[in-house]
Structures are given as structure tokens and as C-alpha cells.
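# Observations on chain architecture
Below are the chains, spelled out letter by letter.
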Amino acid sequence: MRKFNVAVVGATGAVGEEFYELFEEHDFPIAKLVPLASSRSVGKTIECCGEEIKVKELTCEVFEEEEIDIAFFSAGGSVSAKFAQCAVDAGAVVIDNTSHFRMDRDVPLVVPEVNPKDIALWRERGIIANPNCSTIQMVQALKPLDDLYGIKRVDVCTYQATSGAGKKGMEELVQQMQDFFAFRLDESEHEAFAHQIALNVIPQVDVPQSNGFTKEEMKMVNETQKILHKEMEVAATCVRVPVLRSHSESITVTFEEGVDIDLNQVKEAFESFENLVVVDDLENSVYPMPVTATGTDQTYVGRIRKDLYRNNILHFWNVADQVRVGAATNALRIAQKWIELEGDI
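In short, a report on the structure. Keep in mind the model is a prediction, meaning the values are calculated, not measured.

Conventions adopted
Residues numbered from 1 in each chain as written. Predicted model: local features only at pLDDT ≥ 70, side-chain atom pairs only at ≥ 80, totals over all residues. Heavy atoms only, no water. Phe/Tyr/Trp six-rings, centres within 6.5 Å; stacked < 30°, edge-to-face > 60°. Helix = DSSP H or I, 4+ residues; strand = E, 2+ residues; numbered from the N terminus. Buried < 20%, exposed > 50% of the residue type's maximum accessible area, 1.4 Å probe, protein only. Disulfide = S-S within 2.5 Å. Patch = residues over 30% accessible without salt bridge, like charges linked within 9 Å, V, L, I, M, F, W, Y side chains within 5 Å. Areas by Shrake-Rupley, 256 points an atom, 1.4 Å probe, with all protein chains shown as cover. Salt bridge = Lys/Arg side-chain N within 4 Å of Asp/Glu carboxyl O. Lys, Arg positive; Asp, Glu negative; His and termini not counted. Charge placed at Lys NZ, Arg CZ, Asp CG, Glu CD. Pairing = 2+ DSSP bridges. Axes fitted to C-alpha atoms, helices over the stretch in contact; angles between N-to-C directions. Contact = heavy atoms within 4.5 Å.

## Some details on the packing of aromatic side chains
- Per the counting criterion, the structure on display carries 12 aromatic pairs.
- Between F19 and F72 the ring centres are 4.7 Å apart and the planes differ by 35 degrees, which places this aromatic pair in the tilted class. Of this pair, F19 sits in helix α1 (residues 14-25) while F72 sits in strand β6 (residues 70-73); the two residues are 53 residues apart in sequence, bridging distant segments of the chain. You'll find F19 and F72 in the same group, each marked buried.
- Each ring, one from Y149 and one from F255, has its centre 5.2 Å from the other, and the planes form 65 degrees; the classification is edge-to-face. Within this pair, whereas Y149 is found in the loop between α4 (133-148) and β9 (151-160), its partner F255 is found in strand β11 (residues 247-255), the two being separated by 106 residues in sequence. Assigned by exposure class, Y149 and F255 land together as buried.
- In this structure an aromatic cluster arises from ring pairing among F19, F23, F28 and F72.

## A word on the state of the cysteines
- Evaluated as defined, the whole model comprises 1 disulfide.
- Covalently, C60 is tied to C86 through a disulfide, its sulfur atoms 1.8 Å apart. Taken together, the residues C60 in the loop between β5 (56-57) and α2 (62-65) and C86 in helix α3 (residues 77-89) connect sequence positions 26 residues apart.
- With no disulfide of its own, C49 lies 3.4 Å from the sulfur of C48, the closest cysteine sulfur.
- According to the relative accessible area criterion, C49 is partly exposed, its value standing at 42%.

## Re unusual backbone geometry
- Positive phi, normally seen in glycine, also occurs at L199, with a value near 60 degrees.
- By secondary structure assignment, the location of L199 is in the loop between α5 (166-181) and α6 (215-228).
- Using a relative accessible area of 53% as the deciding quantity, one classes L199 as exposed.
- A positive phi angle is found at D206, which is not glycine, with a value near 80 degrees.

## Considering a negative patch on the surface
- On the surface, E61, E64, E65 and E67 cluster together into a negatively charged patch.
- With a relative accessible area of 59%, E64 lands in the exposed category.

## Some thoughts on the sheet that holds β9
- Read from one edge of the open sheet, 6 strands run β10-β9-β11-β14-β13-β12, paired in mixed fashion. Each having just a single partner strand, β10 (233-240) and β12 (276-278) make up the two edges of the open sheet. Taken pair by pair, the neighbouring strands of this sheet meet at an average axis angle of 20 degrees, ignoring direction.
- In terms of strand pairing, β12 meets strand β13 (residues 299-306) through 3 bridges, oriented parallel. Counted as the bridge partner of V278 is V301 from β13.
- Along the sheet face, α4 touches β9, β11, β12, β13 and β14 (313-320) and points at about 35 degrees away from the line of β11.

None of this, on its own, says anything about what the molecule does.
So this is what it looks like as C-alpha cells:
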């Protein structure tokens, strides 16, 4: 198999660090790995595949100098806006984990289990966008349901871990919990979130929009429609919870009129879908939780039940490690599929 020169932009961030584990676990075909970050991180080292590799400064020139084939971007939208085109111009395919390109019409937005054929559209701009973490785990569960019955509407409430705000978010939760046990929580500062996150839930993720929803909530609406190629109704409420890692979602799906849901069919559809795992035994207190998902590459569904009043409405619970499934793992799967489809050219 051909091997590739791979760059990781945002090399020292939470998602960037996750890539190195995934490269080893999946035996990704790397000829040369080039970790890239701002000048502040130059000289640091990362460990991958038994090697210690020095972080290089992110510049436009480095992609051509290092002959990069695949560039993973996970350093924020402003960084992608400035440097992604440089990577494309140097001959690399860019797999971008920020929101910067997601809704561009000529940039495919991909969850490989859901819409792998869209990867072929990468030629338009040289860029493939990685969706929002909450969107990824949700559409993985929606796709088999839509194929089964035809979805009319989705209502979702997310319970998002602090790692969704990066290392600073996790560190803030840990520090506040330490302050709580030291009886000084009232002195604890908060910067990553608008309010104290320890022993609290915050019903706001990202900035408000003029329609009363937040930017995070509208990402879930718009990205779901783009990925599934369907103008279905979607409403989201996104909440930050005091969990270190792995997002949870309570999802209600309304199918077309006349559908009479068969729970056995639903569970079979979930179980046969790639990278989706059913964990559903309420009588024995068995269901997905953040501790179930953390450190894994699967999306878990449980608490699967019909609505009490309408036969065409389904409720279920969905959990995934958003640093992996919602970011690094999805990006890696995009790259693997790209190699399968286009890598020989």
C-alpha cells in the first residue's frame, strides 16, 4: 500500500494528540508525520508509532517543503481560513475539523458511515469538512432510521462534556472540583465557560443567534440536513454538563405519517449499521453513558422506546466520545475512505 506524508495542524491540542493514538491503532499508512502548531509550540515533541517527533511551525511554505499529501486541521477556524488553501495549493487534501468550511456548497461534509460518496466532491476545493461532534454521533443513528421509515422531524437535547471546549474546558472542571473539596469554590474562576461548570449545567453552548438558538444548535440543524441530503425539521437544545469526556444526546424522531414503529426493526437497523452499538437493557440498568463511550470509536444507543401517544415517534439515548468519534476518528475514517477511493491517483 502506498504511504502518505501526513500533517497534523493543531499538533499539541486535544484532538491533535488523539490522532497519534489512532494512527497507531489503525496502522495508518504514514511515510512521514509532520506535527504543526504555532511558534509557541515549536521545539516540543509528540510521540507516535514509537518515535519522538519535533513540532514544526505552521507556515504556508511548510506543506510544500514537506511534500504533504494529507493535512488534518484541528486548530480553530481562523487557522483553517488562513492556511488550508496553502496546503491544497501544495497538493494536499485537507480534512478540516473546524466549522469554517462546513456549509460551503463546494466542500463535502462527511460522516463516512452515512454519506461516503460525498468524499468524491473533494476535487472541487481540495477540502473535506469534518462535521460538528454532536452532529456526527446523531446522524450515525439517524441514517438507519431514515432508511427504514423516512424521518420527518428530529428533536435533540445534548449533554456535552467539557472536553468539547478543549483542554481549557477540562482543566476548568477539574480545578473547580478541587476548589469545591477545598471549600473555596466561591473563589474559583471560570474562563472556558460563561458560568461555573462544576456541580452545574449550562444551557448554552456557543454564541446566541438572532433566532433564539445558539450557533452550536444551528450547526446541528444545518449540518444534519446537508449530510443526509434532506430538508428535515431539526430542533436542538445544547447543554454543557460537568463531565470530562463524551457527549450524550436525548433524541426524539418523528417519522412520516402512517408509520407504525416496530422496535425490533429499529434495533436490527441500529445493530447492522457500521460503528453503531446497541446497549439497551433498562431492567438491569444497562444503557450507554459517558464512561461507556470514552476511549472508544463506537457510537452507542439505548433507552429505545416508542412514544406513549403516537406510533410514528421514537425516543432514544445516544452517547459517543466526541474527541474521537466526534473529531479525530471521523477525520481518520474520512482519510481512510479517501485513500480507498482516490489515494492511488
